[in-house]
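A structural walkthrough
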Amino acid sequence: MASPGVVQRVSDWIDHRLPIITFMQHELHEYPTPKNLNYWWNFGSLAGIILVIMIVTGIVLAMHYTPHTNYAFDSVERIMRDVNYGWLIRYVHMNGASMFFIVVYIHIFRGLYYGSYKSPRELLWMLGVVILLLMMATAFMGYVLPWGQMSFWGATVITSLFSAIPLVGDQITTWLWGGFSVDNPTLNRFFSLHYLMPFVIVGVVVLHVVALHTHGSNNPVGIDTKGPQDSIPFHPYYTVKDFFGLGVFLIFSAGFVFFAPNFFGEPDNYIPANPLQTPPHIVPEWYFLPFYAILRAVPDIWFIDAKLAGVVAMFGSIAILFILPWLDTSKVRSARYRPIYKQLFWIFLADCIVLGWVGANPPEGYFVVIGRIATAYYFLHFLVLLPLVGKLERPRPVPTSISEPVLKGGGVRAQPAAAKPMEKA
Amino acid sequence: MASTHEQTAASPHDEGETRRDFLMLAAGAFGAFAAGAAVWPLVSQMNPAADTLAASTTEVDLSPIQEGQSITIAWRGKPVFIRHRTKAEIEQAQAVNVKDLPDPQTDAARVKRAQWLIVVGVCTHLGCVPQGQKAGEVRGQFGGWFCPCHGSAYDTSGRIRLGPAPKNLEVPAYEFLENSILRIG
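Residues numbered from 1 in each chain as written. Chains lettered and ligands numbered in written order. Predicted model: local features only at pLDDT ≥ 70, side-chain atom pairs only at ≥ 80, totals over all residues. Heavy atoms only, no water.

**Remarks on the nonpolar core**
- Counting 99 residues, the largest nonpolar core has A:Leu112, A:Leu132, A:Tyr378 and A:Phe382 as its most contacted members.
- Not counting chain neighbours up to four residues away, the residues in contact with A:Tyr378 comprise A:Ile294, A:Ser317, A:Ile320, A:Phe348, A:Asp351, A:Cys352 and A:Leu355. (Core = buried A, V, L, I, M, F, W, Y, C linked by side-chain atoms within 4.5 Å. Buried < 20%, exposed > 50% of the residue type's maximum accessible area, 1.4 Å probe, protein only. Contact = heavy atoms within 4.5 Å.)

As structure tokens, then:
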């Protein structure tokens, strides 16, 4: 063997002591990935990229932001008008939150459709739910920082949720506020935590990816890879596919950033916070709307008042995802082979959209009734339909290998044929 | 191009230029450009913002400053020394043999009107503010300013004469407007 070059020798020296290069080679290059992943599998890496974009733009914004009730709103306006490219960086960060939730919700529904939460990926799924909760907390606190009317009243409403806790509710709320209302101490701690949480998310994402790489990605067919003929190396096949998806997604995001930067926002948040005046119609950001609808839907239940019941139902609607792997009793992962579950999936998706629509509207008239029905169905889906359907449904025959539905004969014999097209002149 | 194409078709693994190389280079170049365009705003945002730049000139009324007096004003967050020099100080500054100075500069090159010396009050060594503005402060052996940090001594033209500082005190851009108003910046 010829003597290796300088680069090779330096990287060998490092790798012998810190096997980072071998690690990257394993996890990003060779990493065997099912060969039948469709574009719904792009959204995991997209979410990771958006997390990085949010952290970078956030660190930059923190260089110009002042976390004080007297200066916060003005410092944000200064970012918009005076700081070089401040408008761009803030709009990327602001719309980035919405993009993050779009991507993560698609990622979650992908998991629901193809049964990605089932054994042996229960912990992978649960870590994902933890990430969702952390994202929600981070997004909420970030929305408070510009100290507009929606920031202030959103903060007031959400922190007041904790006052529903029996006996110690008021003490907990006072503790969260650091005073007797949302004020400067609240803003300061929200800024501190908003800066911290994304790094906690990074930590959980690392665990999420470790869990993912232990058993590899699920796939549209929902059966395990049976051998090397069922998988392809991550690089270049999925790096290039992820990059293509990233390009399309960046165009989509840039459309909002440059042409409709306030599309997802509320105009009221450009009015400085006024603790003496609540806006007439107050709604959370769009990604919280379904949960907001659940919060408002629940009436008094026996001895539990509506306030506590609503809070329990809202947190319960996310907490229930933690036990989803055990609620779904079907052995078949992919909805492709589950004729009844497939329909339930679409009904459930529609139910979530209805909840979002109800959440965006004032709780009056028929919205109350629709909200209650949709909330009841949400829990019915998880607690009754999934366990029952798993037992009663008769799944369609699952293919014997990933290759079978694509290449007749399971792909093993078809392999040499794949090299043929090269001869085409 | 035709010959390249035939070559590619004949032996896809042959060394040489292929369409794939072209695509790789084009995509790579575009990716590098896009990365640069994305990073540029993140770097640029650390430069002075528009409101900071707007505050970069300041005006001062010279009429109350008597001969022999000095005042210090803030300009861009730094002190600016304005000294109404006496005849003796001006003569002292002009009498120096320029060739002997560490940073040779004539007094005439450092002032627009001989009685007004305007310099940035930041020592050119490591950024301390030299003493000598107030009556009673040490002015060093050349009658100008003396930096307490590392002992640099400046003369009545703000030129470095002794000590570790490499340069004369900086003369900011300034202009005399009507009615004894001075604009700095």
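**Focus on unusual backbone geometry**
- Following A:Ser119, the chain continues into A:Pro120 via a peptide bond in cis, with omega recorded as 5°.
- Topologically, A:Pro120 is positioned in the loop between helix H5 (86–114) and helix H6 (122–144).
- Cis peptide bonds are those with omega within 30 degrees of zero, and the linkage from A:His235 to A:Pro236 qualifies with 5°.
- Considering the arrangement of structural elements, one finds A:Pro236 in helix H10 (residues 234–259).
- Its identity as a non-glycine residue notwithstanding, A:Tyr85 has a phi of 60°, on the positive side.
- By secondary structure assignment, the location of A:Tyr85 is in the loop between helix H4 (72–81) and H5.
- At B:Arg76, a residue that is not glycine, the phi angle is positive and equals roughly 55°.
- Here B:Arg76 is to be found in the loop between strand E2 (70–75) and strand E3 (78–84).
- Judged by relative accessible area, B:Arg76 falls into the exposed class, the value being 54%. (Helix = DSSP H or I, 4+ residues; strand = E, 2+ residues; numbered from the N terminus.)

**Observations regarding empty space enclosed by the protein**
Residue and element names in this part refer to chain A.
- Following the criterion strictly, the structure yields three cavities of 30 Å³ or more and no others.
- Space inside the largest cavity adds up to approximately 850 Å³.
- As for the largest cavity, its lining consists of 42 residues, and the residues nearest its centre are His93, Met94, Gly142, Tyr143 and His194.
- For the lining of the largest cavity, the secondary structure elements donating two or more residues are helix H3 (43–62), H4, H5, H6 and helix H9 (184–215).
- With eight residues, the top contributor of residues to the lining of the largest cavity is H5.
- The residue makeup of the lining of the largest cavity, split by class, is 28 nonpolar, 10 polar and four charged.
- Within this model, the second largest cavity holds a volume of roughly 170 Å³.
- Taken together, the elements giving at least two residues each to the lining of the second largest cavity come down to H6 and helix H7 (149–160). (1 Å grid on protein atoms, 1.4 Å probe; cavity = no way out; pocket = protein on both sides within 12 Å on 5 of 7 lines; lining within 4 Å. Points joined across faces, edges and corners; volume = space filled by probe spheres on them. Nonpolar A, V, L, I, M, F, W, Y, C, P; charged D, E, K, R; others polar.)

**Quick notes on the interface of chain B and chain A**
- Contacts between the two partners involve 12 residues from chain B, matched on the other side by 11 residues from chain A.
- Between chain B and chain A, the buried area comes to about 1,100 Å², and carbon and sulfur atoms account for 61% of it.
- Across the contact surface, chain B and chain A share one salt bridge.
- Across the pair A:Arg78 and B:Asp51 runs a salt bridge whose closest N-O atoms are separated by 2.6 Å. (Buried area = accessible area lost by both parts, 1.4 Å probe. Salt bridge = Lys/Arg side-chain N within 4 Å of Asp/Glu carboxyl O.)

**What about the domain arrangement of chain A?**
All names here are of chain A.
- You can read the domains of chain A as domain 1 (37–218 + 233–282) and domain 2 (283–425).
- The straight-line distance from the C-alpha centre of domain 1 to that of domain 2 is 23 Å.
- Opposite the 40 residues of domain 1 that make contact, domain 2 presents 37 residues.
- For the pairing of domain 1 and domain 2, the buried interface totals around 3,500 Å² over both sides, and the portion due to carbon and sulfur atoms is 71%.
- On the surface where domain 1 and domain 2 come into contact, there are one salt bridge.
- For the interface between domain 1 and domain 2, the tally reads 13 residue pairs in polar contact (both at pLDDT 80 or more).
- Elements with a minimum of two residues in the side of domain 1 that touches domain 2: H5, H6 and H7.
- At 11 residues, H6 tops the list of elements feeding residues into the side of domain 1 that touches domain 2. (Domains from an automatic or database assignment. Polar contact = N/O pair within 3.5 Å; in protein donor to acceptor, adjacent residues only side chain to side chain.)

**Notes on the confidence of the model for chain A**
- On average, residues of chain A score 92 in pLDDT, and 95% of them are at 70 or above.
- The model gives residues 413–425 of chain A a pLDDT under 50, and that stretch makes one contact with residues more than four places away or in other chains. (pLDDT = per-residue confidence, 0-100.)

**Re the packing of aromatic side chains**
- Within the structure shown, the criterion is met by 40 aromatic pairs over all chains.
- Look at A:Phe256 and A:Phe264: their rings are 4.8 Å apart centre to centre, the planes differ by 45°, and that puts the pair in the tilted class.
- Look at B:Phe81 and B:Trp145: their rings are 5.3 Å apart centre to centre, the planes differ by 15°, and that puts the pair in the stacked class. Here the residue B:Phe81 occupies a position in strand E3, and B:Trp145 occupies one in strand E5 (residues 143–146), the gap between them amounting to 64 residues. You'll find B:Phe81 and B:Trp145 in the same group, each marked buried.
- A:Lys241 extends its terminal NZ or CZ atom over the ring of A:Tyr39, reaching a point 4.5 Å from the ring centre.
- Taking NZ or CZ as reference, B:Arg113 lies 4.1 Å from the ring centre of B:Phe176, over its face. (Phe/Tyr/Trp six-rings, centres within 6.5 Å; stacked < 30°, edge-to-face > 60°. Lys NZ or Arg CZ within 6 Å of the ring centre and 35° of its normal.)

**Structural notes on a nonpolar patch on the surface**
All names here are of chain A.
- Side chains of Val6, Val10, Trp13, Ile14, Leu18, Ile20, Ile21, Phe23, Met24 and Leu28 sit close together on the surface and give an oily, nonpolar patch of about 970 Å² of accessible area.
- Looking at the nonpolar patch, the elements that each hand over two or more residues are helix H1 (6–17) and helix H2 (20–30).
- No other element matches the five residues that H2 contributes to the nonpolar patch. (Patch = residues over 30% accessible without salt bridge, like charges linked within 9 Å, V, L, I, M, F, W, Y side chains within 5 Å. Areas by Shrake-Rupley, 256 points an atom, 1.4 Å probe, with all protein chains shown as cover.)

**Focus on the pattern of salt bridges**
All names here are of chain A.
- Counting across every chain of the model gives 12 salt bridges over all chains.
- Between arginine 338 and glutamate 393 there is a salt bridge, with its nearest N and O atoms 2.8 Å apart. Placement of arginine 338 in the loop between helix H13 (324–327) and helix H14 (339–360) and of glutamate 393 in the segment after helix H15 (366–392) is noted, with a sequence separation of 55 residues between them. Here arginine 338 and glutamate 393 have matching classes, each one buried.

**Description of the side chain of A:Arg121**
Residues and elements named next belong to chain A.
- In this structure, arginine 121 sits in the loop between H5 and H6.
- The side chain of arginine 121 is buried and forms no salt bridge, while aspartate 224, the nearest opposite charge, is found at 4.5 Å.
- Polar side-chain contacts of arginine 121 include one of 3.0 Å to the backbone oxygen of glycine 216.
- Leave out the neighbours within four places in its chain, and arginine 121 touches Ser116, His215, Gly216, Ser217, Asn218 and Arg333. (Lys, Arg positive; Asp, Glu negative; His and termini not counted.)

**Quick notes on the pairing of strand E4 (residues 116–120) of chain B**
- Among the five residues of E4(B), five are classified as buried, and the element is accordingly described as predominantly covered.
- Of the two faces of E4(B), the one holding B:Trp116, B:Ile118 and B:Val120 and the one holding B:Leu117 and B:Val119 are both buried throughout.

**A look at the state of the cysteines**
Residues and elements named next belong to chain B.
- Enumeration over the complete set of coordinates arrives at one disulfide over all chains.
- There is a disulfide in this structure between cysteine 128 and cysteine 149, and the S-S distance comes to 2.0 Å. Taking the sign of the torsion about the S-S bond as the criterion, the disulfide between cysteine 128 and cysteine 149, at about -90°, is left-handed. Here the residue cysteine 128 occupies a position in the loop between E4 and E5, and cysteine 149 occupies one in the loop between E5 and strand E6 (153–155), the gap between them amounting to 21 residues.
- Of the residues examined, cysteine 149 reaches a relative accessible area of 38% and is grouped as partly exposed.
- Free cysteine: cysteine 147, not disulfide-bonded; nearest cysteine sulfur from cysteine 123 at 3.8 Å. (Disulfide = S-S within 2.5 Å.)

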